[in-house]
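Here are the chains, one letter per residue:
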Amino acid sequence: MVIWKEASSEIIELTKMIIDEYHPRLRTARIGVITRSEAPSMNGKVTLGKCKKISKELQLHVPYDFLVWIALDEWERLSTRQQEALIDHELSHAGWDGTQASIIGHDIEEFDHILKRWGFWWPSSDRTIMAVQY
């Protein structure tokens, strides 16, 4: 049985730090952070966390623009660097223009075996190539 809880003060403080450092546009967004006891898994893939936009309809009862959840069982296995990266990743999904919330999709989605066979084959892959060569 999955147990949902408000995130610990450490996770909330880390989220605030990541917003200040990497996502200043989100400073005015109302972001709730919660945890779930177990990570869900689908087709062998574990989901470590998720960022959801709260609809205007639900905002009547939920006072947030976004809700981020983190799977505690996986969180506890991550290094500090990986925890920071997970929070940064989830916040990267939060599109915010100061009044409107939206969810931003990933820049790339590809199979490992396609990358092994073909490399960065798609036309706009230059940005991805530069990002992974840091």
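Coordinates for the structure precede this section.
Parameters at a glance
- Residues numbered from 1 in each chain as written.
- Predicted model: local features only at pLDDT ≥ 70, side-chain atom pairs only at ≥ 80, totals over all residues.
- Heavy atoms only, no water.
- Helix = DSSP H or I, 4+ residues; strand = E, 2+ residues; numbered from the N terminus.
- Expected span 1.5 Å × (residues − 1).
- Buried < 20%, exposed > 50% of the residue type's maximum accessible area, 1.4 Å probe, protein only.
- Arc of directions from axis to C-beta.
- Contact = heavy atoms within 4.5 Å.
- Phe/Tyr/Trp six-rings, centres within 6.5 Å; stacked < 30°, edge-to-face > 60°.
- Axes fitted to C-alpha atoms, helices over the stretch in contact; angles between N-to-C directions.
- Left-handed = near helix turned anticlockwise from the far one by under 90°.
- Nonpolar A, V, L, I, M, F, W, Y, C, P; charged D, E, K, R; others polar.
- Salt bridge = Lys/Arg side-chain N within 4 Å of Asp/Glu carboxyl O.

1. Things to note about helix α1 (residues 9–22)
Now for step 1: Here α1 spans 20 Å end to end across 14 residues, near enough to the 20 Å set by a 1.5 Å rise per residue.
Now for step 2: For α1, the complete set of buried residues consists of I11, L14, T15, I18 and I19. All buried residues of α1 project into a common sector of 140 degrees when viewed along the axis, lining one side.
Now for step 3: The elements touched by buried residues of α1 are β2 (31–36), α2 (72–75) and α3 (80–92).

2. Quick look at the packing of aromatic side chains
Now for step 1: Enumeration over the complete set of coordinates arrives at four aromatic pairs.
Now for step 2: Summarising the aromatic geometry, the rings of W4 and W69 are spaced 6.0 Å apart at their centres and angled 90 degrees between planes, so their arrangement reads as edge-to-face. Taken together, the residues W4 in strand β1 (residues 4–6) and W69 in strand β6 (residues 66–71) connect sequence positions 65 residues apart.
Now for step 3: Residue classification places W4 among the partly exposed residues on the basis of a relative accessible area of 43%.

3. A word on the packing of α1 against α3
Now for step 1: Where α1 contacts α3, the axes come no closer than 10 Å and their chain directions differ by 65 degrees. Where α1 crosses over α3, the handedness of that crossing is right-handed. Along the contact surface, α1 presents I11, L14, T15, M17, I18, I19 and Y22, while α3 presents Q83, E84, I87, D88 and L91.
Now for step 2: Residue classes in the contact of α1 with α3 are distributed as eight nonpolar, two polar and two charged.

4. A word on the pattern of salt bridges
Now for step 1: Per the counting criterion, the structure on display carries four salt bridges.
Now for step 2: For R27, the salt bridge goes to D20, with nearest N and O atoms at 3.1 Å.
Now for step 3: Taking the shortest distance from any N to any O, the salt bridge between E74 and R77 comes out at 2.9 Å.
Now for step 4: The class for R77 is exposed, based on a relative accessible area of 59%.

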